[in-house]
Amino acid sequence: MSFSEIKLLIQDRFPKSVIENENISEGQIEIDGSLWKEIATFLKNDPKLLFDQLECLTGIDTGEEGPLQSRYNLHSMELRHKIEIIISHDRKDPKVESIEQIWRIGDWFERETYDMFGIVYEGHRDLRRILCPDDWEGWPLRKDYELQETYHGIMVPKIKEEEGWE
Amino acid sequence: MGVLENKFNDNIVVGSLDKFLSWSRSTSPWFFQFGLACCAIEMMATAAARHDLERIGMMPRSSPRQADVMIVAGTVTMKMALRVKKLYEQMANPKYVISMGSCATSGGPYWQHGYHVLKGVDLVVPVDVYVPGCPPRPEALIEGLLKLQQLISEERPLTRKIT
Amino acid sequence: MGVVQGDQMILNIGPQHPSTHGVLRLEVMTDGEIVSRITPHLGYLHRCFEKHCENVTYEQVIPFTDRCDYLAAMNSNFGYVVAMEELMDIKLTERVEYIRVIMAELNRIASHLLGVGAYGLDVGAFTPFVHMLRDRERILDIFEYTCGARLLYNYMWVGGVSHDLPKDFEKICFRFLDYFEPKIDEYNQLLTYNKIFIERTADVGVLPADVAISYGVTGTNLRGSGVKWDVRKEEPYSIYDRFDFNIPIGEAKFGTLGDCFDRYWVRILEMKESIKIVRQALKDLPSGDIFETMPKKIRPPKGSVYRRTESPRGDLGYYIVSDGTAVPERVKMRSPAFTALSCLDEISQGWMMSDVLCILGSLDIVLGEIDR
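On a predicted model such as this, the values are computed, not experimentally measured, just so you know.

## What about the overall build of chain C?
Stage number 1. For chain C, the helix and strand inventory stands at 16 helices and 8 strands.
Stage number 2. Across its three principal axes, chain C shows a C-alpha extent of roughly 80 × 45 × 35 Å.
Stage number 3. Looking at the 372 residues of chain C, the share that counts as buried comes to 52%.
Stage number 4. Within chain C, contacts between residues at least 6 apart in sequence are counted, and of these 71% link residues at least 24 apart.

## Quick notes on helix α3 (residues 78-90) of chain B
Stage number 1. All buried positions along α3(B) are accounted for by Met78(B), Lys79(B), Met80(B), Ala81(B), Val84(B) and Leu87(B).
Stage number 2. Next to the buried residues of α3(B) lie β8 (150-151) and β9 (154-155) of chain A together with β3 (69-73) of chain B.

## Examining the sheet that holds strand β3 (residues 34-41) of chain C
Residues and elements named next belong to chain C.
Stage number 1. If you trace the 3 strands from one edge of the open sheet to the other, you get β1-β2-β3, paired in antiparallel fashion. A single partner strand is all that each edge strand has here, and the edge strands are β1 (9-13) and β3. Strand-to-strand, the axes of this sheet are offset by a mean angle of 25°, without reference to chain direction.
Stage number 2. The pairing of β1 with strand β2 (residues 25-31) spans 5 bridges and is classified as antiparallel. Each bridged residue has a counterpart across the sheet, and for Leu 11 the counterpart in β2 is Val 28.

## Focus on the interface of chain A and chain B
Stage number 1. Counting residues at the interface gives 11 residues for chain A, matched by 11 residues for chain B.
Stage number 2. Split by residue class, the side of chain A that touches chain B holds 9 nonpolar, 1 polar and 1 charged.

## A few points about the sheet that holds strand β7 (residues 314-322) of chain C
Residues and elements named next belong to chain C.
Stage number 1. Here 3 strands make up an open sheet; going across it, the order is β6-β7-β8 and the pairing antiparallel. Pairing within the sheet leaves two strands with one partner each, and these edge strands are β6 (303-311) and β8 (330-334). Each strand of the sheet is rotated relative to its neighbour by a mean of 15°, with strand direction disregarded.
Stage number 2. Relative to β7, β6 runs antiparallel, the two sharing 9 bridges. In the sheet register, Ser 304 faces β7, and the bridge partner there is Val 321.
Stage number 3. Set on the sheet, helix α3 (residues 73-88) makes contact with β6 and β7; between it and β6 the angle comes to about 145°.

## A short note on the environment of His21(C)
All names here are of chain C.
Stage number 1. Structurally, His 21 is set in the loop between β1 and β2.
Stage number 2. We classify His 21 as buried; it has 25 C-beta atoms within 10 Å.
Stage number 3. Once residues within four sequence positions are removed from consideration, His 21 is found in contact with Ala 118, Ile 365, Val 366 and Leu 367.

## Some remarks on the interface of chain C and chain B
It is common to give the size of an interface as the accessible area that goes away when the parts come together.
Stage number 1. Facing 26 residues of chain C, the contacting portion of chain B comprises 27 residues.
Stage number 2. Mapped onto the side of chain C that touches chain B, the elements with two or more residues apiece are α1 (49-53), α2 (61-68) and α5 (127-147) of chain C.
Stage number 3. Take the side of chain C that touches chain B: its biggest share by element is 4 residues, from α5(C).

## Brief notes about the confidence of the model for chain A
Regions with low pLDDT carry predicted coordinates that are not meant to be interpreted in detail.
Stage number 1. Predicted confidence across chain A gives a mean pLDDT of 85, with 95% of residues reaching 70 or more.
Stage number 2. Mean pLDDT values for the elements of chain A range from 74 in β9(A) up to 91 in helix α3 (residues 106-117) of chain A.

## Regarding the packing of helix α7 (residues 183-192) of chain C against helix α12 (residues 260-283) of chain C
Two quantities define a packed helix pair, namely the angle between the axes and the distance from one axis to the other.
Residue and element names in this part refer to chain C.
Stage number 1. Running from amino to carboxyl end, α7 crosses α12 at an angle of 175°, the nearest separation of the two axes being 12 Å. When the axis of α7 is compared with that of α12, the two are roughly antiparallel. Residue-level contacts link Ile 184, Tyr 187 and Thr 192 of α7 to Ile 268, Met 271 and Lys 272 of α12.
Stage number 2. Here the contact of α7 with α12 is built from residues that sort into 4 nonpolar, 1 polar and 1 charged.

## Details of the nonpolar core
Stage number 1. Among the nonpolar cores identified, the biggest contains 186 residues, and Ile71(B), Val72(B), Ala73(B) and Met100(B) are the most heavily contacted of them.
Stage number 2. Sorting elements by how many residues they give to this core places helix α4 (residues 94-123) of chain C first, with 16 residues.
Stage number 3. Setting aside its immediate chain neighbours within four residues, Met100(B) contacts Cys39(B), Met43(B), Ile71(B), Val72(B), Ala73(B), Val131(B), Pro136(B) and Leu141(B).

## Overview of the pairing of β2(C)
All names here are of chain C.
Stage number 1. Relative to β3, β2 is paired through 7 bridges, and the arrangement is antiparallel. Paired with Asp 31 across the bridge in β3 is Ile 34.
Stage number 2. Between β2 and β3, which pair antiparallel in sequence order, lie 2 residues; one of them, Gly 32, sits at a positive phi of approximately 75°.

## Describing the packing of α3(C) against α4(C)
Residue and element names in this part refer to chain C.
Stage number 1. Look at α3 against α4: their axes get within 8 Å of each other, and the N-to-C directions meet at 135°. The angle between α3 and α4 falls in the class oblique. Taken together, the residues of α4 that come into contact with α3 (itself represented by Ala 73, Met 74, Asn 75 and Phe 78) are Arg 100, Met 103, Ala 104, Asn 107 and Arg 108.

Parameters at a glance
Residues numbered from 1 in each chain as written. Chains lettered and ligands numbered in written order. Predicted model: local features only at pLDDT ≥ 70, side-chain atom pairs only at ≥ 80, totals over all residues. Helix = DSSP H or I, 4+ residues; strand = E, 2+ residues; numbered from the N terminus. Buried ≥ 20, exposed ≤ 12 C-beta atoms within 10 Å, placed from the backbone. Contact = placed C-beta atoms within 7 Å. Pairing = 2+ DSSP bridges. Axes fitted to C-alpha atoms, helices over the stretch in contact; angles between N-to-C directions. Nonpolar A, V, L, I, M, F, W, Y, C, P; charged D, E, K, R; others polar. pLDDT = per-residue confidence, 0-100. Parallel < 35°, antiparallel > 145°, perpendicular 65-115°, else oblique. Core = buried A, V, L, I, M, F, W, Y, C linked by C-beta atoms within 7 Å.

Structure (C-alpha cells):
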C-alpha cells in the first residue's frame, strides 16, 4: 500500500488523532499521543496494514522552545510497506503510553529513550536506565544537559585545563 | 660481579640474588586479558598465529589471581571504572599495568564530549607502560611488552631503597 | 524418590569474562543448573557516540561509526554514507560503487571469520580459532595495502572513498580468493561435521520466526530461523541489484529450525556468497576518478532520513536529522546486535548454564555497537 492510502486508513479510524504538519516530509505522520496504544494495536493487527516490525525508536530534542519527540519507524514483513510515526511530548512532563507488549523490542528501545531523554513510558513493566549507571544524574542527550562533577569520587569532566586544553 | 667475573667455565653464571630474581620474573609475565573494546581485537590478534605472544613468554589468563600483568585494552567507562579497580586489587603482588590504546591512556577520541568515559585509566589504577595508537598495531603492543620486561628486569626487590 | 525443590541461585557472569564477547554482565537466576531467567546489564562500554555526533561535523562522524562495530568497520561506514547520500541526493561514479561493494564484502568475510572462530573458542575448540584468525590476517593485509589501517579504516566518505585502489589490487585479491575458497572445506572438517560441536549446538536455543520478528532480530539470526530477509535484495542500495548471489537460510540440518547450528551454518554459507560477489565485482571493475562526486562542503538540506543496510550482524539503520548547518542535529544508530541480545532471555529458558554461553556466542554480538 502507498503512504497516502495508509494515512487515509488511519485518519478514517482515528480522526481526532492525526495532526496536520507541513514541516514533516513524505512517509511521516504526526499523531497525538493520547490514544497511542490503541493506534499501535490497530497498526499491528489490521489485515491491510500488518506492521509487525518496530525498526527503530528515536528520541529527539528539537531545541529550547520546541517539544521532545519520539519517532517510531514501522515496517511490515508480509506486505512490505513502511511508515514513520511522530509523537510530541511536553518538555516539563514528557510521557506517553508504552507499546512494549505489542512489539517486544519496545522494552529495550523505550528504556534507552528514557535513559537519554527522560521520556516516561507509562505501563512499561520495568522502566529503568539501561546504558548509564542507575545512579547517574540528568538526561544526557537533551540540549541543556550539564555534566556532573564527580561520580563515586572520580572526576567526570575534562581535566588538565592549565595545559591549554579546552 | 667484579672479582669473580670470568674466573670460571662458561657454564657457571655468577650474579647477585636481586638480579636473578628480576631476571626470572621478567621473562615470563602472564597477562590478564582485559579486553574492553576495539583494542581487545588487536590484543587477540597479537596472541594469535602471526604475531605470536607466547614466544616471548606471555600466556593469556582469564582470572586476575593467576596473572602478573593487566593489559587494559579499550575505553574505560564510569560504570566499568569501579570494576577495574576491584580487579586490580584482586591481582597478587608483584603486579603491573599496561594501558593499551589512546582510550585507556587519556580518553582517546571521546575525550571532549564523552560524559560517561573515564579520561585515562591512570585515574583509578597506577600504570607502568603506555602504548599509544588507535588501535596500536600488534608490533607496537609487543614493543610495549618488551619495554615492560626491561623495566621488570631492572628492579632490585631485595635492596633497601634510600629515600 | 521425590524431586527436591531447591532455592533459586543468582549467578553473575561478570563484566570481565573471556566468553562474553566484550563487557557484558549477565545476571542468571538458576535452579541448580537449569536457567530460569537471564537479565543482561549493558552500558559498560557506553561511549556517548550520539552526543559526539551532535557536536562534530558530518565528515568527522565517520571515524566514530568505525569504532561502534569495530569488527565490520567498512559496513558501519557504508551504512552512514548511504543514508547521507540519500539525504543529499548525490549520484556516485561507477568505480566508487564497485570499490565500496568489494570492501564491504571482504569485511563481511573477515567479520564472520572472527565470529565463527570465537564461537568455536566458546564451545571449547581452540584450533578453528587460530586457523580463522590466520586467514583473517590476509584480509587485513589487503585493507592495509589499500588505506593504511588494519582495523578501523575511515575509508568510505560522503560522495566517494578516501583512497583509490593501489597497483595490482585485482591480482592480489584474486590470489587471496583462490587461496581462501578451499579453506572453507577445511573449516567444515574442523567444526561443522565435528560430532561434539553438533551435540552442543543442534536443538539448543531455538528462535522461532515470529518471536524473532517481534524482537526485531534481523540478519543472520533471522535467516537461521528460516525467514528469507536480506536488505541487499529487498531494499537494494548501491549496486547490489547487479550481482547474482543467493540468500542462505537455515534448513534444520541437524536439529530443529532456528537452533544455534542453523545460525552458524548460515554464516559459513554467507562467506561463500560474499566470495562470489567479490569475484563478479572485480571482473567488471571500471576505471574513473573517485573524487569527482565528493562535495566540497557537506551541508544537507533540512529534513530527516532513515536508511538501513546489511551489516554482518543484521539491519544497521541510521536515522539522521539535519537542520541545514554543517553539524548534524541528531544521528541515531539502530544497532542489530542490540535487538539480537534482547531475545536472549526468551530463548535460553530451561537450558543449562553451559548452553547459555553457547547461545550467546551464536548470536554474534559486538558490545561496541550495543552500547554505542
